[in-house]
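Examining the three-dimensional arrangement
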Amino acid sequence: MDFLYNFFISPFVQIADAPLFFVEVLTGGLLSGVMYSLVALGFVLIFKASGVFNFAQGAMVLFAALFFAGFMDKGVPWWGSLILTIGVMVLLAMAIERIVLRPLVNQPHIILFMATIGVTYFLDGFGQTIWGSSVRVLDIGLPQTPLEIGGVLVNKFDIIAAVVAGSLVAALALFFQKTRIGRALRAVADDHQAALSVGIPLKTIWAIVWTVAGLVGLVAGVMWGSKLGVQFSLAMVALKALPVLILGGFTSVPGAIIGGLIIGAGEKIAEVYWADAIGGGIEDWFAYMLALMFLLFRPQGLFGDKIIERV
Amino acid sequence: MSSSAVNPVSGSDAFTADGRHKIGGVILSVQNISLSFGGVRALTNISFDVREHEVLAIIGPNGAGKSSMLNVINGFYHPQEGKVFHKGQERKRMRPYMAARAGIARTFQNIALFKGMSALDNIMTGRNTLMKSGLLAQAFYLGRARKEETAHREFCEKIIDFLEIEAVRKTPVGRLPYGLQKRVELGRALAAQPEILLLDEPMAGMNLEEKEDMCRFILDVNKEFGTTIVLIEHDMGVVMDISDRVVVLDYGRKLADGTPDEVRANQDVIDAYLGGGH
Amino acid sequence: MSQATLHAVQPASSPAAAEPILRVNNIEVIYDHVILVLKGVSLAVPEGGIVALLGANGAGKTTTLKAISNLLRAERGEVTKGTIDYNGRSIQDLTPNDLVKMGVVQVMEGRHCFGHLTVEENLLTGAYTRGDGAAAVKRDLEKVYEYFPRLKVRRSSQAGYTSGGEQQMVAIGRALMTKPKVILLDEPSMGLAPQLVEEIFEIVKQLNQKEGVSFLLAEQNTTIALKYATFGYILENGRVVMEGEAQRLMENDDVKEFYLGLAAEGRKSFKDVKHYRRRKRWL
Amino acid sequence: MLYREAGQFKTSYAADQQIFPILQDRIGIGLIAVLALGVLPLFATEYMTTTILIPFLVMSIAAIGLNILTGYAGQLSLGTGGFMATGAFAAYKLSTMFPDLNIVFVFLGSGVITAFVGVMFGIPSLRIKGFYLAVATLAAQFFLLWLFNKVPWFTNYSSSGVISAPPRAIFGDIMVTGSSAHYTAKYLFLLVFVGLLALAAKNLTRCHLGRAWMAIRDMDIAAEIIGIKPLQTKLSAFAISSFYCGIAGAAWGFIYTGSVEPLAFSIEISFKVLFMVIIGGLGSILGSFFGAAFMVLLPVILTNAPHLLGLNIPVDMISHLEYMIFGALIIFFLIVEPHGLARLWQIGKEKLRLWPFPY
Amino acid sequence: AQAQENGQFVPGLVYRTGPYAPGGIPWADGFADYVSLLNARDGGINGVPLVYEECDTAYNNDKGVECYEKLKGKGPTGGASVQPLSTGITYALMDRVRADKIPMITSGYGRADASDGSVFEWIFTAPVTYWAGADAIVQYIEAQEKDLKGKKIALVYHDSAFGKEPIKTLQALAEKNGFKLDLFPVPHPGLEQKATWLKIGRQLKPDWVIMWGWGVMNSTAIKEAAAVGFPMNKFVGVWWSGSEVDVRPAGMDAKGYLAAQFHGAGANYKVHEDIVKTLYEKGKGASDRDKVGDILYNRGLISAVIMAEGIRTAMNKYGNKPMTGEQIRWGLENLKLDDAALDKLGLKGLMAPLQLSCKDHEGGGKVVIQQWSGAAWTPVSDWITPRRDGFLTEMYKESAAQYAKEKNITPRTCN
Ligand SMILES: Nc1ncnc2c1ncn2[C@@H]1O[C@H](COP(=O)(O)OP(=O)(O)OP(=O)(O)O)[C@@H](O)[C@H]1O
Ligand SMILES: Nc1ncnc2c1ncn2[C@@H]1O[C@H](COP(=O)(O)OP(=O)(O)OP(=O)(O)O)[C@@H](O)[C@H]1O
Ligand SMILES: [Mg+2]
Ligand SMILES: [Mg+2]
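Residues numbered from 1 in each chain as written. Chains lettered and ligands numbered in written order. Predicted model: local features only at pLDDT ≥ 70, side-chain atom pairs only at ≥ 80, totals over all residues. Heavy atoms only, no water.

**Quick word on the overall build of chain D**
Regarding its fold elements, chain D presents 14 helices and 4 strands. The C-alpha radius of gyration computed for chain D amounts to 21 Å, which stays within 12% of the reference 21 Å derived for 359 residues, consistent with globular compactness. Projecting the C-alpha coordinates of chain D onto the three principal axes gives extents of approximately 65 × 60 × 45 Å. Taken across its 359 residues, chain D has 62% of its residues classed as buried. Accessible surface, chain D: about 12,800 Å² in total, of which carbon and sulfur atoms supply 74%. When the 20 positive and 15 negative side-chain charges of chain D are each reduced to one mean point, those points stand 8 Å apart. (Helix = DSSP H or I, 4+ residues; strand = E, 2+ residues; numbered from the N terminus. Rg over C-alpha atoms; globule rule 2.2 N^0.38 Å. Buried < 20%, exposed > 50% of the residue type's maximum accessible area, 1.4 Å probe, protein only. Areas by Shrake-Rupley, 256 points an atom, 1.4 Å probe, with all protein chains shown as cover. Lys, Arg positive; Asp, Glu negative; His and termini not counted. Charge placed at Lys NZ, Arg CZ, Asp CG, Glu CD.)

And the structure:
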């Protein structure tokens, strides 16, 4: 009885009581959702372009952040560090293409997925071997201060993050529209062998995509890093990005953002208003349950390509 | 093949001179079927009957709707309009596995074998619907399960000799050349001892010799099991030789329906499909 | 094992006269490091020639073509012996992409369309390696639509949802879009309606005569293949067991009987083929 | 030609349908059995038993479980950890509710309970496929852990939320769980379990249920069209897979670590088991063992290697290197043989068969 | 090598990797440095060298078990004591140490009721437990608020065995002192706390927030707290939430943040001088010189001290040779670190005096509240003595008894 009340009634009563607070939670949720989108984007890129579910995206975020912060600690100015890190990510992309992907061309997706898990391990180890495991402060002078807009409290930092993510998406959307490359990318995702047979150079395609994904990772790494400090746990934001990715659809760049917004807002609202009914700390699974609900109606995610079923 | 395999359902079995089952009454009939996907009209108001024990060929240009027709028959596509009658009573909207369990087996145009499994396992899978042994029995391979496995294995081995694929019994089908894969697929369909067998271009990608063999298989199946066969094929030689009746589709419409000779003579058919060559 | 072929495999009988644009020298192919499939295949495609590659299922036709177009690696197969030359230069270590750039393209057996791309997008992927401008591509696209009007109708629907034959057309059209010099056609007629088969081969003829494109086609429909081909090879169990000008092959009795179905007593109905003929001929 | 079937003709299909039709294999298995049952217990030190053999066996069960679901039925699952947790907590509840219930039944019971839970989370698989399905299972992963963490009933209201295995014995007095149990007893007890479970799994996968699974995996539409019921088949896979994972979880809590907090079954475990299955070979029971061995042994070897080599590397460097080498090896093996160690093993045998000729 | 044979073997279950490495590293460095100091300065304990070997657990239970199994048997007398630095691993090892007769020292973590030596013969919680810590924090808050009646206090905790430990105590205290306690679990690893803090900062608006966090959760919490404008000087963390690695990433936001400690901060104690002189100036230090004296470094150091002095006490009874686990247990149970002793060790003021017994494995450690100035930790309270008499001890007894029942252990009689 009590549960039923807490579940079905009291949340809405609370919302009605303090609508402003609700708006606050909502905006807070939306904004933090965007932070996940930043990570999810990287996944989308690679999946869209090669049908590979790149588990290493999280590791790449950490990796990029480690190098960026590391360089800055070494006294390199931020732009210098940026350039250096970009260089590193490009090299990384090429290495992955050469060492991992090329030999595994035309293998089932789960195998490539597995390979990226191998990459994850390697990067985690490698990055920390070079830069150590203790936390690094990454301060690129982003404002953290809260500000009130019409009684609603928002965080400057979050807004900046949102802007960054938004522009990234726009850019990437264009990148995929640039028909020739974009089309080739999707072709590769559909059928490696056929793509080869019409002369699409997997080599370059993959190098490009992984580089871009690496850069997206860098951006995410810097944003998250300056939020949490750069440390191993950064790699775990990937887990928060998964439901976003799935809800938005593996193959949709805008989906990553929309998914982020939905998940972010959804889990915050749930945590704030339904925690009493079902107990706190539900964010973890709630995101997945939410994604699951959506999938039941759209098995390919909100914006993902339809799964072709044909005999 | 063992007479145990002779089809139980075929009610009053009369035999023709050459030992074939006499073509009986209508076993399956599609009426005013219309099917479209978004804009594409794959089928428009198609009706025809399939009679027991006959070999019916469906022909038509590419994209005419032949495969779609088969998909409708075994419940994979659900037409917007029209009815399908199976053994007299109307068939409600249903899922494909029900059709299979009702005795309608088929092969596919784009080979749909289970790539990870050996040829033998693929064929055994065809008999899954007939296997009953319970979970524990299987888990510990107790008497019942073992007996069942062996029995069905024997039946499948018959099919394997029959199709002459003994050599590749244990090869993962993914590695087999195209032609053999087609054969294995036929084997899988046969294994279910269907009343009606739907074949979607079983001879595509075969050379003459192999086509001859395949024809023989089909005719023998029809003869020995009395299995009703619905066949899509582009090789007119084959179609005209082995089918009792031919249905011609053209971009979703039914163009003609009759004996091979009638169809061969039909001017529309010639224009739309056969072309001058034939 | 003795290779008692009717025509001993010696270059003389192969059309080396016109220096071949494509030459395969006695190659061996192994899958998965253990399965030996090609046991020394040699063949040559003359500049501007149409060469037919005949043989039963599993003879190794597809494998041969893939060996040439370097798609084997993607199947975990490898050429362990022999050489493959294109215009006199070895091409074994080139990527498929290089090959396409050089004008060698393969139409894969079993269609392999890009399911999520529309028919038109599929065709356009064929133009990926081309640098000759959008106009030219547009022109060729129109040409393909002329060849296959059906594709024009379905141009904007996802290839994954088109019919088998339509997909086959897409696969061929896609290859044509690469502006090839040599096309490796693997079972082009498969799943196509009779007229279309004729048309396809007409197209082959046109391209061959008008644009001097050379063809190596693996085909099961021997009658038509030999009708259009200038030269033919017959593969059995990964070996070339017979070769010669198309005409000569057509006159050969075995070929007549086993590939053309023209037994001495003339063509016999499929219905009347009583026994399965088990005959391993030249081996 | 050391290894060949030549001359071993099967006179009946029954004979041909044995698990190990070939003599050499039967001998091999026999040897392994002797080794595992007789020799190892005598020579294995406590360290070796408790940190290598036991976790290896536990993980093998989990790997077999996941292999049934992902390798045979083709349903990608990242919920293994959650299901193992379910098993562990179910076992705990069972054994504390019914103190004199025999430990064997406690394990089986926890397996059955987990099977039910598995089915619950398997239902979406009818509609959701491939990587998207991973989300359903991830939901299971996170939800279940949260549940056990949140609801004190599962831990008999222990303030810390940690459960520890009550001491239990078989055959009256041989302790197999709890602190007083001797490690060899634990090992042998577990070994028997694993043996039977593996056998059952092998049998299932070669009977019609197994074929149905593989059919669904390879091409679900075609499978349905030839008469295989997708829902039942998928759910049965989820059920049986979870059954195994459940028992694995119970064994983990009761025999391996002896105490469990939900966090121990975090998502990392799920991934670990998935690696095992893929590295070992999707759709191969034997592979599950290879995979488990690989994943359990390698880290131990890597951490101890420097010491054995007399190198003096700081621990953090060691485990970073461990990570790198580990990742590199995963990639290496995938490239050498994408179908896993089991396939490698097969090819090895084929080469032996052809030996001394290359092919 | 010679030392290997007849030295006292000291296992180190540390984590220098994994998500919690930033906290694990300084602790491990402090511990390692003190051991090296003893060896370098005094040639070990009473002339018996210490042989120290680390094993990385990555804060992961089964790895912890593996490390324990690997190290427990080494040396002539086996591991002197284990200090797993993880409540999870502590639980995993509890049965084993009892079976193997190896003392387990859990300084400022692990299972609070283990202070009851009559049930937990092999576990030592000195100098303080979470329950004691929680009580001390509440005492501090009470001191600030004068009266807690009707006040609202929120507990933000790591949703794990570790984070749950204080709940019981706080609930009891809430009852006792009439304040309202709200619980906010944060799932591992704690990257995501926006909702939690919106709720706390904008809706609940409690008078005080207590945090039981570890790892990245801490800095995130501080950031989010600042983001919703919650005053830092009303925000008290447990000692695992009160180190440099927690506040630095949060930058200036963290200024004014409070944390409970059972030892001082900074490197200006004699022991640090010795360490710098004997180790760092010879380049033998485990950490960076400027990290010597960090909160967690000092904690590692103190944990080492407790073990070392336990061993020393044992040797004084059993003679100067490697001690067995049982002997060391005796040593620990008779350990007495009064001001004089602390002074001798160069720890004066770094920690409060201790005296353990067969019954009391906690030894009466004290707690001090420190504040982050933006650059350093400075004490803002005196040593607070947890209310062990009556209240806490009762709770220990009770839950220890329950444990004993579960494991059918018969408590020994201490006298
Ligand atoms: N699932 C689907 N979604 C959309 N369009 C479809 C679908 N299935 C078939 N079509 C369209 O319906 C038409 C008929 O397809 P179908 O496969 O039945 O042709 P077909 O007669 O088998 O041709 P072919 O001889 O080439 O196999 C084609 O134009 C095809 O594109
Ligand atoms: N990926 C592979 N792995 C292992 N063996 C293979 C593989 N692909 C083909 N083979 C084997 O190589 C042989 C030749 O196959 P191939 O496909 O080249 O024959 P084909 O002449 O094209 O037959 P079809 O006319 O049926 O296409 C076959 O015996 C087949 O079993
Ligand atoms: Mg069709
Ligand atoms: Mg072929």
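Still to come is the rest of the account.
**Description of the coordination of the magnesium ion (ligand 4)**
Note on metal geometry: ideal angles are 109.5 degrees for four donors arranged tetrahedrally and 90 or 180 degrees for six donors arranged octahedrally. At 1.8 to 2.7 Å from the magnesium ion (ligand 4) lie its protein donor atoms, namely Thr-62 of chain C (OG1), Glu-109 of chain C (OE) and Glu-109 of chain C (OE). Within this pair, whereas Thr-62 of chain C is found in helix H1 (residues 61-69), its partner Glu-109 of chain C is found in the loop between strand E6 (104-107) and helix H3 (119-125), the two being separated by 47 residues in sequence. (Donors = N, O, S within 2.8 Å, 3.2 Å for Na, K, Ca; no water.)

**Remarks on the coordination of the magnesium ion (ligand 3)**
All names here are of chain B. The coordination sphere of the magnesium ion (ligand 3), as far as protein atoms go, consists of Ser-67 (OG) and Gln-109 (OE1), spread over 1.9 to 2.0 Å. Taken as a pair, Ser-67 in helix H1 (residues 66-73) and Gln-109 in the loop between strand E6 (104-106) and helix H3 (119-126) lie far apart in primary sequence, 42 residues in all. The buried category is assigned to Ser-67, whose relative accessible area is 12%.

**A look at the sheet that holds strand E1 (residues 20-31) of chain C**
Residue and element names in this part refer to chain C. Spatially, the 4 strands line up as an open sheet ordered E2-E1-E4-E5, and their pairing is antiparallel. Two strands close off the open sheet at either side, each with one partner strand: strand E2 (35-46) and strand E5 (89-90). For strand E4 (residues 77-86) and E5, the ladder comprises 2 bridges, and the chain directions are antiparallel. Counted as the bridge partner of Asp-85 is Ser-90 from E5. Packing of H1 onto the sheet brings it into contact with E1, E2 and E4, and relative to E1 it is tilted by some 115°. (Pairing = 2+ DSSP bridges. Contact = heavy atoms within 4.5 Å. Axes fitted to C-alpha atoms, helices over the stretch in contact; angles between N-to-C directions.)

**Structural notes on the nonpolar core**
Counting 272 residues, the largest nonpolar core has Met-69 of chain B together with Met-84, Phe-107, Tyr-244 and Trp-252 of chain D as its most contacted members. Composition of this core by domain shows at least three residues from each of domain 1 (1-103 + 194-278) and domain 2 (108-193) of chain B. (Core = buried A, V, L, I, M, F, W, Y, C linked by side-chain atoms within 4.5 Å. Domains from an automatic or database assignment.)

**Structural notes on the interface of chain C and chain B**
With 42 residues of chain C at the interface, the matching set in chain B holds 42 residues. Carbon and sulfur atoms make up 49% of the area that chain C and chain B hide from each other, which totals about 3,400 Å². Taken together, chain C and chain B are joined by 1 salt bridge. Of the charged contacts, one joins Arg-175 of chain B and Asp-32 of chain C as a salt bridge, the two residues approaching to 3.6 Å between their closest N and O atoms. (Buried area = accessible area lost by both parts, 1.4 Å probe. Salt bridge = Lys/Arg side-chain N within 4 Å of Asp/Glu carboxyl O.)

**Focus on the pattern of salt bridges**
Enumeration over the complete set of coordinates arrives at 70 salt bridges over all chains. Between Glu-24 of chain A and Arg-202 of chain E there is a salt bridge, and its shortest N-O distance comes to 2.6 Å. With Glu-24 of chain A in helix H2 (residues 19-50) and Arg-202 of chain E in helix H7 (residues 194-204), this residue pair bridges two chains. In this structure Glu-24 of chain A comes out as buried when scored by relative accessible area, which is 3%. Ionic pairing is found between Glu-145 of chain E and Lys-234 of chain E, a salt bridge with its closest N-O pair at 3.8 Å. Taken as a pair, Glu-145 of chain E in helix H5 (residues 130-145) and Lys-234 of chain E in the loop between helix H8 (216-227) and strand E8 (235-237) lie far apart in primary sequence, 89 residues in all. A relative accessible area of 18% places Glu-145 of chain E in the buried class. A network of salt bridges, in which partner residues are shared, links Lys-240, Glu-267, Lys-268 and Glu-283 of chain A together with Glu-192 of chain E.

**Side note on the site of ligand 2**
What surrounds ligand 2 is a group of 19 residues, the closest being Arg-175 of chain B together with Lys-61, Thr-62, Thr-63 and Glu-109 of chain C. Looking at the residues close to ligand 2, they fall on chains B and C. Here an oxygen atom of ligand 2 and a backbone polar atom of Gly-58 of chain C are 2.8 Å apart. Interatomic distance of 2.9 Å between a side-chain N/O atom of Gln-220 of chain C and an oxygen atom of ligand 2. (Near = heavy atom within 4 Å. Polar contact = N/O pair within 3.5 Å; in protein donor to acceptor, adjacent residues only side chain to side chain.)

**Things to note about a positive patch on the surface**
Residues and elements named next belong to chain B. Taken together, the side chains of Arg-101, Lys-132, Arg-144 and Lys-147 present a region of like positive charge at the surface. Summarising the element assignment, Arg-101 is placed in helix H2 (residues 96-101). With relative accessibility at 42%, the residue Arg-101 sits in the partly exposed group. (Patch = residues over 30% accessible without salt bridge, like charges linked within 9 Å, V, L, I, M, F, W, Y side chains within 5 Å.)

**Considering the site of ligand 1**
Around ligand 1, a shell composed of 22 residues is seen, among which Lys-66, Ser-67 and Ser-68 of chain B together with Arg-154 and Gly-165 of chain C lie nearest. In the environment of ligand 1, an oxygen atom lies 3.3 Å from a nitrogen or oxygen atom belonging to the backbone of Ala-64 of chain B. Separating an oxygen atom of ligand 1 from a side-chain N or O atom of His-234 of chain B is a distance of 3.1 Å. Out of a free accessible area of 630 Å², ligand 1 has 96% covered by protein chains. Counting residues per element, the ones that place at least two in the shell around ligand 1 are H1 of chain B together with helix H6 (164-176) of chain C. Of the residues contributing to the shell around ligand 1, the split by class is 5 nonpolar, 11 polar and 6 charged. (Nonpolar A, V, L, I, M, F, W, Y, C, P; charged D, E, K, R; others polar.)

**A few points about helix H3 (residues 61-71) of chain E**
Of all 11 residues in H3 of chain E, 11 are buried, a share of seventy percent or more. Within H3 of chain E, the full set of buried residues consists of Asn-61, Asp-62, Lys-63, Gly-64, Val-65, Glu-66, Cys-67, Tyr-68, Glu-69, Lys-70 and Leu-71 of chain E.

**So, the packing of aromatic side chains**
Under the counting rule described, the total for this entry stands at 75 aromatic pairs over all chains. Measuring from ring centre to ring centre gives 5.6 Å for Tyr-121 of chain A and Phe-275 of chain D, while their planes differ by 75°; the resulting arrangement is edge-to-face. Here Tyr-121 of chain A is found in helix H5 (residues 109-131), whereas its partner Phe-275 of chain D is found in helix H11 (residues 267-280) on a different chain. A relative accessible area of 19% places Tyr-121 of chain A in the buried class. Ring geometry for Trp-131 of chain E against Tyr-396 of chain E: centres 5.5 Å apart, planes inclined by 20°, an arrangement best described as stacked. Residue Trp-131 of chain E is located in helix H5, and its partner Tyr-396 of chain E is located in helix H14 (residues 388-406); the two are separated by 265 residues in the primary sequence. (Phe/Tyr/Trp six-rings, centres within 6.5 Å; stacked < 30°, edge-to-face > 60°.)

**Digging into the sheet that holds strand E2 (residues 40-51) of chain B**
Residues and elements named next belong to chain B. Spatially, E2-E1-E4-E5 is the arrangement adopted by the 4 strands of the open sheet, whose pairing is antiparallel. The open sheet terminates on both sides in strands that have one partner only, identified here as E2 and strand E5 (89-90). Here strand E1 (residues 26-37) runs beside E2; their pairing, made up of 8 bridges, is antiparallel. Bridged to Ile-33 within E2 is Ile-46. Here H1 sits on the sheet and contacts E1, E2 and strand E4 (81-86); the angle it forms with E1, its principal contact strand, is near 120°.

**Let's talk about the arrangement of the chains**
In this assembly 8 pairs of chains touch, with chains A and D having more contacts than any other pair. For the non-touching pair chain B and chain E, the nearest C-alpha separation works out to 32 Å. Separating chain C from chain E is a minimum C-alpha gap of 37 Å, and the two share no contact.

**Regarding the interface of chain D and chain A**
With 40 residues of chain D at the interface, the matching set in chain A holds 53 residues. Across the chain D to chain A interface the summed buried area is about 4,300 Å²; carbon plus sulfur atoms make up 82%. Scanning the region where chain D abuts chain A turns up 0 salt bridges. At the junction of chain D and chain A, the tally comes to 6 residue pairs in polar contact (both at pLDDT 80 or more). For the side of chain D that touches chain A, the secondary-structure elements that each account for two or more residues are helix H6 (130-150), helix H9 (220-225), H11 and helix H13 (315-336) of chain D. In terms of residue count, the dominant contributor to the side of chain D that touches chain A is H13 of chain D (11 residues). Grouping the constituent residues of the side of chain D that touches chain A by class yields 32 nonpolar, 4 polar and 4 charged.

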